[in-house]
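One-letter residues, chain by chain:
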Amino acid sequence: MKIGFYPGCSLTGSSREYNESLLAIAKEAGIELVEINDWNCCGATAAHNLNKELSLSLPARNLAIAESEEMDELVVPCAACFNRLVMTQHELSEKKDLKKVISEKLQMPFKNEIRILNVLQFLEKHIVPRLDQLVKSPLEIDVACYYGCLLVRPQNVMKSERFEDPMSMDTIMQKLGANPIDWPFKTECCGAGFSISKTEIVGELSGKIVRNATGRGAKAIVVACPMCHSNLDMRRPAIDSYLNMKMDIPVIYITQAIALAMGLTPRQAGIQRHFVPVNLTVNR
Amino acid sequence: MSKIGVFICHCGENISATVDVARVAEAAGQLEGVAFSTDYKYMCSDPGQTMIKQAIKENGLNGVVVGSCSPRMHEPTFRKACQEAGLNPFMCEMANLREHCSWVHDKSEATTQKAIDLVRTLVEKVKLNKPLFSIQVPVTKTALVIGGGIAGIQASLDIASAGHQVILVEKDPSIGGHMSQLSETFPTLDCSQCILTPRMVEVAQHPNIKLMTYAELEKLEGSIGNFKATIRKKAKSIDEDLCNGCGTCTTKCPTKKIPSEFNTGLGMRTAIYVPFPQAVPNKPVIDKENCSYYQKGKCKVCEKVCPTGAIRFDQEDELVELEVGAVVIATGFDIMQPSGFPEYGYGKYKDVITGLQFERLASASGPTLGEIRRPSDGKIPEKIVFVACAGSRDPAKGVPYCSKICCMYTAKHAMLYQHKVHHGKSYIFYMDIRAAGKNYEEFVRRAIVEDEVNYIRGRVSKVYEENGKLIVKGVDTLLSAKPVEIEADMVVLASAAVANPGAEALAQKMHVSYDSYNFFSEAHPKLKPVETNTAGIFLAGACQAPKDIPETVSQASGAASKVIILFSKDELSRDPLIAVVNRSPAPVFSTCVGCFMCASACPYQAIGEELITNRQGKVIKKVAKVNPGLCQGCGTCVAFCRSKSIDIQGYSNEQMCAEVIALLNHE
């Protein structure tokens, strides 16, 4: 089975392990994720703060490329890229005039009909049904599933019913043998882009998340967004200084958790790339 | 020879903004048979009506077409004007240029052309109109009031005091509704039960009111003045005549752990129960779902202890048919369960409760006898956070409308708490404070200034438990504009007021319209607030939209006065727009062949048979005959008739054809 794949910049840089683990589990499940040709930036935060048409054209071009490669589905693992692509699709399907304008800019055929999947939707649809056979070493630990802001929002586009208390990641973790804890910080803000400009804010916001997860007994925080990951993992010094204590809870991508449960080596899952050492008491 | 007058209304700008009304009038003037044509800004106003009357007299008009709004709005107005000028009112027709044309199209040549077409079709129809005369039907002077909350109670008492019979139907074992659950009422803080229970007793004792509790409407047929209602009296499993309300059964019943509906789950009740001590009637019912005897076939303790032998396990639901002339719907509202808001933790944390639950905690008749104690451990909370708009004004997850009562009851809740727990602290997160009403704003001010309730303008994003406290995360959006965290002992959610779960089904049973939120629709938002679109059925209270007590009582009295007006006459005029079977000269007598397909199709059982006899009394022919008292003019029989022998008066096949042909003969 072939599915389109849009990595975006993070997966080729700071969150390479997300990329590696996703491709590794897809391979195990017999799914080929085909990176679309000549993809470009999703526009990120910058484009939609500066130029409306640019913020729509950039994602639209990626969608059009995937269509030209005859993909029915496009997997977008980065939550921010996913948000830009899905918002573009939504806005252009609502506003036909705008779609015409953008299509002219693209100078390529653009139907705007491809199905965009974030990582959780991809896992639910293609990996979870095969998990029963693929899980070899269940993760028997308490985990805190952290969704952040963009995976389940905006509500009117994502049609998510429980966007204040999502459960999809928890369900998957349960299937891996882990015990997802009940905690209130699933969708709290991690500080997002303040990572660069006001790191102390990230220290405070992410610090509260890390403290709550630890306090409720979690042995790892599971994420599905490169931004969340880098704030909770890479900004651990800022977090420790806000909390005035050293926190050692590791932060892993859900794809890494699946890879480990499938029995892949920590290196195949890219575990060695984290700032906070990952030392899960995975059995065997 | 037709001499028709055409009157085109601008409806202020409602029609004239998109339709060239002068052109419509001019084009109508060119039509064959039109003797007079004009346009005017407000045709329904006094000068407009005078213009119609004058034109009829001066031009000897024998037909009128008014091109204006929907006939639902002003057909009676214009027909009456025509009648006053000596024309049969049924010679007047309306072309709906507003709802069917100007409101739904942009300004364009095509829009004007459509208006001309609409007028032309009606002109062709009027040419075939015949004078018709109203049908007189007797009025059954008994009112059916559905719902025994304060709205139903007020409406029943008013109608009964005017000397008419009232049947009050309540689905629960007692009347009283939500008002009986409330503690004190805003803005005067008088005790809800103290002002309500005397009225409940008055209902029970009024000679003109027949009270049917634990009963629901099953079916409603007929029309204004003559409805036939079928009521399902649910089996109470007791003989009400024998029961003296001593209460022995309710104290001895071994099934004691059923969450009490009256106490919103904060207290328990038994399987045989009276909802609350002041209930009317003060006689118990057996809740079959929870009774051990009905569920497991064993127990019968109540039967053993009953001193009068009033328990009847074999009692069955009873269907009662009633003849009534008018219906008042007063079925009230419900509280939205805040389970769709997992961030508030309702259902997860025991000390996150709804406003209605807080009413029970604050009420002297409640589970804590009026002491504010939190449900989890019974401790007196030191800090309470109230969340206003927990579901209201929230198109994403709740309801988009304002529930109207929450600003006031939340201020009242905080005030009651401060009065009872002097050292306590209360916080109210709000979007806006909507305190429009007599003495309402002053009441809220009092809460802020005298009782030192902390109002925080902003929303709550999350409630979670940590170390036995409820952490409320929110934001203060005013000057300080910063995130707020409060460690509270209890959180009260002002959950949205929504329509009752059974409202939609009830509306369909009664053929009254309802809005997208399942609240019953009034006939006109300003001028007919207590009428429904179905004549003879009226609305009172929160079943129409969320309302507070004063407003509910006013509307109930309004609905009652409408019923009393209806009952002030012995007979009612009905439009003669009913089916008739044609008659023709001998030897045919009628084209009806007596197949009676129409009778089998008629949903109102309005078609019987008629024997046509000769002078010697010998039966020559058997034909169908429509009972004008029962016929509703639906036209089903017309469609079924094989020999085209039935027509609806005022909407005959011939007239409909003329309209269609006029439309098709578009130039």
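These figures come from a predicted structure and were not determined experimentally.

### Focus on the pattern of salt bridges
Side chains bearing opposite charge may pair, as long as their charged atoms lie close to each other. All names here are of chain B. One pass over the full model with this rule turns up 47 salt bridges over all chains. The partner of glutamate 371 in a salt bridge is arginine 373, with the nearest N and O atoms 2.8 Å apart. In this structure glutamate 371 comes out as partly exposed when scored by relative accessible area, which is 39%. Across the pair glutamate 441 and arginine 445 runs a salt bridge, and its minimum N-O distance is 3.5 Å. Linking glutamate 441 with arginine 445, this pair stays in helix H13 (residues 440-449), spanning 4 residues, or about one helical turn. The exposure class of glutamate 441 is partly exposed, given its relative accessible area of 35%. Judged by relative accessible area, arginine 445 falls into the partly exposed class, the value being 42%. Taken together, the salt bridges that share partners define one network made up of Asp351, Arg374, Asp377, Lys379, Lys469 and Asp489.

### Brief notes about the domain arrangement of chain B
You'll often see interface size given as the accessible area lost when the parts meet. All names here are of chain B. Split into domains, chain B comes out as domain 1 (4-134), domain 2 (142-234 + 317-332 + 500-571), domain 3 (248-305), domain 4 (335-498) and domain 5 (579-648). The straight-line distance from the C-alpha centre of domain 2 to that of domain 4 is 31 Å. Between domain 2 and domain 4, the residue contacts involve 19 residues of the former and 24 residues of the latter. Both sides together, the interface formed by domain 2 and domain 4 hides about 1,800 Å², and carbon and sulfur atoms give 66% of it. If you sort the residues of domain 2 by the area they bury against domain 4, Phe186, Pro187 and Leu189 come out on top, with a joint share of 32%.

### A few points about empty space enclosed by the protein
Over the atoms rolls a probe the size of a water molecule, and its path tells where empty space is left. Inspection of the entire model under this criterion finds 5 cavities of 30 Å³ or more. As a volume, the largest cavity reaches approximately 100 Å³. Taken together, the residues that form the lining of the largest cavity break down as 10 nonpolar, 3 polar and 1 charged.

### So, the pairing of strand S33 (residues 619-626) of chain B
Residue and element names in this part refer to chain B. One ladder, built from 7 bridges, connects strand S32 (residues 607-613) with S33; its direction is antiparallel. The residue of S33 that forms the bridge with glutamate 610 is valine 623. Remark: 5 residues form the turn of the hairpin made by S32 and S33, two consecutive strands paired antiparallel; glycine 617 in that turn has positive phi of roughly 85°.

### A few points about the state of the cysteines
Taken as a whole and judged by the stated rule, the model has 1 disulfide over all chains. The side chain of B:Cys191 participates in a disulfide bridge whose partner is B:Cys194; the two sulfur atoms lie 2.4 Å from each other. One quick way to see it: the torsion about the S-S bond of B:Cys191 and B:Cys194 is about 90°, and its sign makes the bridge right-handed. Free of any disulfide, A:Cys190 has its nearest neighbouring cysteine sulfur in A:Cys228, separated by 4.5 Å. The thiol of B:Cys243 is not disulfide-bonded; the next cysteine sulfur, from B:Cys249, is found 6.4 Å away. For B:Cys243, a relative accessible area of 11% gives the class buried.

### Re unusual backbone geometry
Excluding glycine, residues mostly have negative phi values, and the peptide bonds linking residues are mostly trans. Look at the link from B:Val280 to B:Pro281: it is a cis peptide, with omega at 0°. Secondary-structure assignment places B:Pro281 in the loop between strand S15 (272-273) and strand S16 (285-286). Geometrically, the link from B:Ala586 to B:Pro587 is a cis peptide bond, its omega value of 5° lying close to zero. Mapping B:Pro587 onto the fold places it in the loop between strand S31 (579-581) and helix H16 (597-601). In this model, A:Ala192 sits at a positive phi of 45°, which is unusual for a non-glycine residue. You can see A:Ala192 is positioned in the loop between strand S6 (179-180) and helix H9 (194-197). Relative accessible area serves as the criterion here: at 28%, A:Ala192 is assigned to the partly exposed category. At B:Lys404, a position not held by glycine, the phi torsion is positive, near 70°.

### Here we look at the domain arrangement of chain A
Residues and elements named next belong to chain A. In terms of domains, chain A is made up of domain 1 (2-117) and domain 2 (137-264). Once you take the C-alpha centre of each, domain 1 and domain 2 turn out to be 24 Å apart. In this assembly, 19 residues from domain 1 lie in contact with 17 residues from domain 2. Of the roughly 1,500 Å² buried between domain 1 and domain 2 on both sides combined, carbon and sulfur atoms contribute 78%. Sorting the residues of domain 1 by area buried against domain 2 places Tyr18, Ile25 and Ala79 first, and these three jointly supply 34% of that buried surface. Across the domain 1-domain 2 interface, the total number found is 0 salt bridges.

### A word on the side chain of B:Glu93
Tracing the chain through its elements places B:Glu93 in strand S4 (residues 92-96). When sequence neighbours within four positions are dropped, the list of residues in contact with B:Glu93 reads B:Val64, B:Val65, B:Val66, B:Arg79, B:Leu122, B:Lys125, B:Val126 and B:Asn129.

### Here we look at the environment of A:Pro7
All names here are of chain A. Mapping proline 7 onto the fold places it in the loop between strand S1 (2-5) and helix H1 (16-28). The exposure class assigned to proline 7 is buried, which follows from its relative accessible area of 1%. The contacts of proline 7, once residues within four sequence positions are left out, are Thr12, Glu35, Trp39 and Cys78.

### As for the interface of chain A and chain B
Counting residues at the interface gives 13 residues for chain A, matched by 12 residues for chain B. At the boundary of chain A with chain B, total buried surface from both sides reaches about 1,000 Å², with 43% on carbon and sulfur atoms. Three residues, A:Glu164, A:Pro184 and A:Glu188, lead the burial of chain A against chain B; their summed loss comes to 39% of the area buried on that side. Here chain A and chain B share 4 salt bridges between them. Residues B:Lys473 and A:Glu188 are paired through a salt bridge, measuring 2.6 Å at the closest nitrogen-oxygen approach. Linking chain A with chain B are 8 residue pairs in polar contact (both at pLDDT 80 or more). By residue class, the composition of the side of chain A that touches chain B is 3 nonpolar, 3 polar and 7 charged.

Scoring rules and cut-offs
Residues numbered from 1 in each chain as written. Chains lettered and ligands numbered in written order. Predicted model: local features only at pLDDT ≥ 70, side-chain atom pairs only at ≥ 80, totals over all residues. Heavy atoms only, no water. Salt bridge = Lys/Arg side-chain N within 4 Å of Asp/Glu carboxyl O. Buried < 20%, exposed > 50% of the residue type's maximum accessible area, 1.4 Å probe, protein only. Helix = DSSP H or I, 4+ residues; strand = E, 2+ residues; numbered from the N terminus. Domains from an automatic or database assignment. Contact = heavy atoms within 4.5 Å. Buried area = accessible area lost by both parts, 1.4 Å probe. 1 Å grid on protein atoms, 1.4 Å probe; cavity = no way out; pocket = protein on both sides within 12 Å on 5 of 7 lines; lining within 4 Å. Points joined across faces, edges and corners; volume = space filled by probe spheres on them. Nonpolar A, V, L, I, M, F, W, Y, C, P; charged D, E, K, R; others polar. Pairing = 2+ DSSP bridges. Disulfide = S-S within 2.5 Å. Polar contact = N/O pair within 3.5 Å; in protein donor to acceptor, adjacent residues only side chain to side chain.

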